[in-house]
Amino acid sequence: GSDEFLRELADFIGRQCAGEAPARAADGLLLTNGVSHGLELALSVFARPGDAVLVEAPSYFLAVGIFEAHGLEVVPVPTDAQGLSVDDVEAVLDARGPGSRPVRFLYTVPAGHNP
């Protein structure tokens, strides 16, 4: 986006999130064309084929497809009424053997879970 738009967006976020610590500087914001574009950018920088990603089960099907297209092992983690089960994340990580692919990401949807 344009510098002017990013400054306006940073100001808006600062007003809406008073008392929180969001990215309030325009240079701390990155605009994408949606979740798929954002995931593509993040994966191209931080993931390599053969890495693993933990995902909520169930999860956003397009995200799972993007992970698989990048050659990532998709590892489901159970959810409950509160969302992602942190205890199950620990159990899944503990159960991965020494020869397992490295886990690079945890993909979660903090609001509006699937389904």
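Preceding block: the structure.
Everything numeric in this text was worked out from a predicted model, so none of it was measured.

Caption draft 1: Broad picture of the overall build of the chain. Helices and strands together make up the secondary structure of the chain, namely four helices and four strands. Moving toward the C terminus, one meets the helices and strands of the chain in the order α-α-β-α-β-β-α-β. Relative to a compact globule of 115 residues, whose C-alpha radius of gyration would be 13 Å, the chain shows 17 Å and is clearly more extended. Viewed in the frame of its principal axes, the chain has a C-alpha envelope of about 50 × 30 × 25 Å.

Caption draft 2: Layout of the packing of helix α2 (residues 35–46) against helix α3 (residues 61–69). The geometry of α2 relative to α3 is characterised by a closest axis approach of 10 Å and an angle of 25° between their N-to-C directions. Taken together, the axes of α2 and α3 lie roughly parallel to each other. The crossing of α2 and α3 is right-handed. Note on element contacts: α3 touches α2 through A63, I66 and F67, opposite S36, L39, E40 and L43. Taken together, the residues of the contact of α2 with α3 sort by class into five nonpolar, one polar and one charged.

Caption draft 3: Region of interest: the side chain of R96. One can find R96 in the loop between α4 (86–95) and β4 (103–107). Given the relative accessible area of 17%, R96 is considered buried.

Caption draft 4: Just the sheet that holds β4, in detail. Judged by pairing direction, the sheet is mixed, and its four strands sit side by side in the order β3-β2-β1-β4 without closing on themselves. Edge positions in the open sheet fall to β3 (83–84) and β4, since each of these has one partner strand only. Where strand β2 (residues 73–80) meets β3, two bridges bridge the pair, whose relative direction is antiparallel. From the neighbouring strand, D80 faces β3, where its bridge partner is G83. Along the sheet, α4 contacts β1 (52–57), β2, β3 and β4; its crossing angle with β2, the most-contacted strand, is approximately 150°.

Analysis parameters
- Residues numbered from 1 in each chain as written.
- Predicted model: local features only at pLDDT ≥ 70, side-chain atom pairs only at ≥ 80, totals over all residues.
- Heavy atoms only, no water.
- Helix = DSSP H or I, 4+ residues; strand = E, 2+ residues; numbered from the N terminus.
- Rg over C-alpha atoms; globule rule 2.2 N^0.38 Å.
- Axes fitted to C-alpha atoms, helices over the stretch in contact; angles between N-to-C directions.
- Parallel < 35°, antiparallel > 145°, perpendicular 65-115°, else oblique.
- Left-handed = near helix turned anticlockwise from the far one by under 90°.
- Contact = heavy atoms within 4.5 Å.
- Nonpolar A, V, L, I, M, F, W, Y, C, P; charged D, E, K, R; others polar.
- Buried < 20%, exposed > 50% of the residue type's maximum accessible area, 1.4 Å probe, protein only.
- Pairing = 2+ DSSP bridges.

Purely geometric numbers; function is a separate question.
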